[in-house]
Amino acid sequence: MKMATQTYTIGTVQDFLLQIGRVVVAGNMELAVFRTSDGAIYALENRSPHPKGGPLAEGIVSGHFLYDPLYDWKIDLRTGEVQAPDQGSVVTYPVSLSGDIVTVSL
Amino acid sequence: MTAKRENLVLVGNGMAGIGTIEQILKLGGAYDITVFGSEPHPNYNRIMLSYVLEGSKTLNDIILNDWNWYEDNNITLHTGTTVTRIDEESKQVVADNGLSVPYDKVIIATGSNSFILPVPGSDKEGVVGFRDISDCDAMLAAAKQYSKAAVIGGGLLGLEAAKGLVNLGMDVTVVHLMEDLMERQLDRNASSMLQAELERQGVKFAMGKQTVELTGEQRVSGLRFSDDSTLAADFVVMAVGIKPNVTLAKESGISVKRGIVVDDYLQTSMQNVYSIGECAEHRGVCYGLVAPLFEQGMVLAKHLCGSETKPYEGSIVSTKLKISGVDVFSAGEFLDSPEHTVISSKDEWKRTYKKILLKNNVIVGAVLFGDVTESANLQKLVKQGAVMTDEIYTEVMGTGCCGGGAKKGASVETMADEEIVCGCNGVTKKAIVDAVTEHGFTTVDEIKACTGATRSCGGCKPVVEQILEFVLGDSFQQAAKQGICGCTTLSRDEIVAEITAKGLKTTKEVMNVLGWKQEEGCSKCRPAINYYLGMINPDTHQDEKESRFVNERMGANIQKDGTYTVIPRMYGGVTTPEDLKKIADVSLKYDVKVVKVTGGQRLDLIGVKKEDLPKVWEELDMPSGYGYAKSLRTVKTCVGSQFCRFGTQDSMGMGALMERKYERLDFPAKFKMAVNGCPRNCAESCTKDIGIVGNDGGWEVFIGGNGGIKPRIADAFCKVKTDEELIEVCSAVMQYYRETGNYLERTSEWVERMGLEQIQTVILNNEENRKELAARIDFALTQVTDPWKKILNDNSTRTALFEETRL
Ligand SMILES: Cc1cc2nc3c(=O)[nH]c(=O)nc-3n(C[C@H](O)[C@H](O)[C@H](O)COP(=O)(O)OP(=O)(O)OC[C@H]3O[C@@H](n4cnc5c(N)ncnc54)[C@H](O)[C@@H]3O)c2cc1C
Ligand code: SF4
Ligand code: FES
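Residues numbered from 1 in each chain as written. Chains lettered and ligands numbered in written order. Predicted model: local features only at pLDDT ≥ 70, side-chain atom pairs only at ≥ 80, totals over all residues. Heavy atoms only, no water.

1. Let's talk about the sheet that holds strand 12 (residues 204-207) of chain B
Residue and element names in this part refer to chain B. The line we're drawing: Paired strands, as defined in this entry, are two strands with at least two bridges between them according to DSSP. In this description a helix means any DSSP run of H or I spanning at least four residues, a strand means any run of E spanning at least two, and both kinds are numbered starting from the N terminus.
The parallel open sheet is built from five strands, whose spatial order is 9-16-10-11-12. Each edge of the sheet is formed by a strand with only one pairing partner; in this case those strands are strand 9 (127-128) and strand 12. Note that strand 10 (residues 148-152) and strand 11 (residues 171-176) share five bridges and pair parallel. Looking at the pairing, Ala149 lines up with Val172 of strand 11.

Right, dumping it as structure tokens:
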């Protein structure tokens, strides 16, 4: 069963500090949104793929990688893929920018 | 011209028996070999059945020796055939299908059977053990049809079965007789952390329950316990233990106690008949894990091939649970008693626990939970009966930051060639060394593909890495000249020197100019560089929030549920009724979960929501207590001369003064102090970074103490006469630490690395130097601001950092 995707406006570019994550809550879902130093914005489910879970939004961002704050797993913000030697992936959601307005499709 | 070879018959086609045969083949043993196995399969890795159940492996993946292997090695294999008797007189082995085979030597390796509780109903449909492929198949089938399972037994096997069934979508309750899970391998601390973790992963528990009956008609429908409570279940796995399979030995008149009795060369009471593995009892012990059986196999194989061998003298076992995300390990002795010295550390946020037991300073056991990177190392130390030293301590209890594990190779150097590194797959040190030297392998993955080491539970990986490093020597070092992290080969000192020499200003600049491999660094180097930059240029450096760990960025401690802890500053541990009232009001208003007194005499307001943080700070209107920062945390004080009848110095006054003076400044790591009014030392100076003790004529200063993860008693540094001297000395020590400490290095490590005398020389023997250090810290102190105030006055950061967007 696939649910229809919906597009939401989550703010303007200025709402997202460079390299510092921000939590966006949509219904019962929590997103971690990051703006990388090249200006791109990424949205991921705010849950570490580590078996013990934990938030992602508070991690350190380097390039388009995120280091999760609890277990230091390295995650590719573009694909959600966890980098070796660890394994796993995070769900990512497409983000688009029109002017300063940031939207995400869920 | 081949002479007639002797007949060797192996009864039991399992891990122990075939392991021994493999050794014999390697040693070129001159035997015609016949193998009997009750199961219809070739030899497989029984411990990986847990993975088959969990769904991450298939049966094919766990076959160790396929049909071809038997053929290639001229081994006659009878599967699906159970041996019923060994006839000593006619020297024949007799099987249930009438087959009889003459022997010169026999190895009995019949393993164990699942122990099925002798309670009414245990023969009902839907009740299985967890032992072999057919049990595994039964579980996979049941999960498709039924929904509620009970696993009786909270040991290794039971927990792996339970997790497997949860993964298959069943609602699973583990029923355990004791109050603690895996009580034979873990202590109470580790066991309760384990239970919490498994509950998080969806396993339910019924602890302290004795099953007295399985209810139901033909098929099981539930369990009844001794307290008359019940539990519904349409599928039951019994994992309460194993029973050595001694039927054959008994029938043949071989001496049996719990297991088949063997001597140090695995010889049974019958001439030419040996026994090995789970069915054997050696010096009163029956083992239920694989590592011992490989050790036994090695001795037996050599013995049968006429090579000289040391006798088998028993094994020290260790345990590792194969459930992803649940890392537990134990080796040797694990329950502490008065005769043990216990080293332990528990971290409830990261959910890790580490304990090492010493007896007369010899390492006799260890328990790890959550982080098992040191498991292989500890297992080895326990096995060797190593004496605890400072080096070992640092190695196994270390802070785990980068650059720490530089000289690890040494212990593998002394390891014997035959010593088993990978217990799961019986791989010796020599096999790994050969793989490296003969095939030129340089990675763990290559070694895994070639030897099988690390293929199962993975517990041996650290040792395999160490062997690799040891054998490759310089070329390995070359490949991995260790910088402060993987992004650079530069050391801390080199980086600091470059920053100063080239006048670098931001982490970005540092990484660009110094050729970082990853353009924007990583979570290890960015915070470190940010600190070094601030230390070098306190007035001009723009602190980078994005290069700070979450706690420092938020000005509060994140807790495991995502809420935060706020600690208002209370200088010297002294507060006022007005402040207490305010704290109480704010705590009530923002629904703080717990108000707790900290180890450093402050108040923790635990459980504040992220978006409430700024409001809480605003309404408290107190300075930040820095309970989260790599900075001066608290100055703990005793009552001192203001009130105490023993006090000779005003410890409260001096403590508050020091805390006001040094607060907010960044250090390489957190920094704690204490001030005492007299040598009774009620505020416990000996475990502080700087501890101060008042005496009749002045003060005594201690440095490098720590009560945390790496306990250390502080060293006596100097005595001073006046308050001014005291402050100057403390300033100089702090600044010297700020300037030479590695990021994340506590003073306890710093003092040991630099040497106490070196620090004394720099600060005590050179007045000019001391004054310069003190002046530099004073300058840096003019630049600090309170982070809470700062955020309150900066609306956009406040929103962006603390408020979540709700759609
Ligand atoms: C699910 C599971 C998970 C495990 N996990 C781990 C782990 O993580 N780490 C660890 O160290 N250990 C683990 N173990 C234990 C480990 O598998 C055993 O210690 C090991 O397999 C014992 O080897 P063995 O050769 O003595 O017995 P087995 O491997 O049981 O082999 C005995 C064989 O003999 C056959 N046999 C018995 N009687 C006769 C007869 N009369 N004639 C012919 N054949 C006969 C049996 O059918 C059986 O195939 C686990 C066990 C299980 C079941
Ligand atoms: S250290 Fe001395 S002055 Fe301070 S409380 Fe204890 S006894 Fe009193
Ligand atoms: S010890 Fe389990 S895989 Fe090596």
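There is more to say after this.
2. Quick look at the environment of Cys638 of chain B
Just so we agree on the cut-off: Contacts are assigned to residue pairs that have any heavy atoms within 4.5 Å of one another.
Along the polypeptide, Cys638 of chain B turns up in the loop between strand 32 (632-637) and helix 22 (651-662). Setting aside anything within four residues of it in sequence, one finds Cys638 of chain B in contact with Ser651, Met652, Val675, Asn676, Gly677, Cys682 and Ala683 of chain B.

3. Focus on the interface of chain A and chain B
Counted only if it meets this: Here the buried area means the combined drop in accessible surface, using a 1.4 Å probe, for two parts upon being joined, counting both sides. Every case where a carboxyl oxygen of Asp or Glu lies within 4 Å of a side-chain nitrogen of Lys or Arg is listed as a salt bridge. Think of it as three bins: nonpolar holds Ala, Val, Leu, Ile, Met, Phe, Trp, Tyr, Cys and Pro, charged holds Asp, Glu, Lys and Arg, and polar takes everything else, Gly as well.
Contact residues are listed per partner, giving 30 residues for chain A and 36 residues for chain B. Of the roughly 2800 Å² buried where chain A meets chain B, counting both sides, 52% is carbon and sulfur surface. A per-residue breakdown of the area chain A buries against chain B is headed by Lys52, Glu58 and Ile60 of chain A, which together make up 25% of the total. Where chain A packs against chain B, one counts two salt bridges. Those elements giving two or more residues to the side of chain A that touches chain B turn out to be strand 1 (7-12), strand 2 (22-26) and strand 5 (60-62) of chain A. Per-element accounting of the side of chain A that touches chain B gives the leading share, five residues, to strand 2 of chain A. A per-class count over the side of chain A that touches chain B returns 18 nonpolar, six polar and six charged.

4. Observations concerning the pairing of strand 5 (residues 92-95) of chain B
Residue and element names in this part refer to chain B. With four bridges joining them, strand 4 (residues 83-87) and strand 5 adopt antiparallel strand pairing. Looking at strand 5, one finds that Asp87 is bridged to Gln92. In this structure, strand 5 lies alongside strand 6 (residues 100-102), joined through three bridges in antiparallel fashion. Counterpart to Gln92 in the pairing with strand 6 is Pro102. In this structure, the hairpin formed by strand 5 and strand 6 is closed by a connection of four residues, where Gly98 is found at a positive phi of approximately 90°.

5. With respect to the nonpolar core
Within soluble globular proteins, side chains that are nonpolar generally end up buried alongside one another. All names here are of chain B. Counted only if it meets this: In these notes, a set of buried Ala, Val, Leu, Ile, Met, Phe, Trp, Tyr and Cys residues joined through side-chain atoms within 4.5 Å is what counts as a nonpolar core. Think of it in three bands: residues with accessible area under 20% of the maximum for their type are buried, residues over 50% are exposed, and the middle band is partly exposed, with areas taken using a 1.4 Å probe on protein chains only.
Ranked by size, the top nonpolar core spans 99 residues in total, and within it Leu159, Leu165, Leu194, Phe235, Val237 and Leu321 carry the most contacts. Per-element tally for this core: the top contributor is helix 8 (residues 290-304), with eight residues. With near-sequence residues (within four places) excluded, Val237 lies in contact with Val128, Gly129, Phe130, Met139, Ala150, Val151, Ile152, Ala161 and Leu165. In terms of nonpolar packing, the next biggest core, distinct from the first, is built from 38 residues, Phe671, Cys730, Tyr737 and Val751 among them.

6. Examining the site of ligand 1
Residue and element names in this part refer to chain B. Test applied: Nearness is judged by heavy atoms alone; a residue qualifies as near a molecule or strand once a single heavy atom is within 4 Å of it. Whenever two N or O atoms come within 3.5 Å, that pair is a polar contact, provided that in protein one can donate a hydrogen and the other can accept it, and provided that, for residues adjacent in sequence, both atoms are side-chain atoms. For accessible areas, the Shrake-Rupley method is used with a probe of radius 1.4 Å. Any residue's cover is judged against the shown protein chains and nothing else.
Near ligand 1 there are 30 residues, and of these Ala16, Glu39, Arg131, Glu278 and Lys322 occur at the shortest range. Here an oxygen atom of ligand 1 and a side-chain polar atom of Arg46 are 2.9 Å apart. Contacts to ligand 1 include Glu278, whose side-chain N or O atom sits 2.4 Å from an oxygen atom. When ligand 1 is considered free in solution it has 990 Å² of accessible area, and contact with the protein chains removes 93% of it. In terms of residue class, the shell around ligand 1 is made up of 12 nonpolar, 13 polar and five charged.

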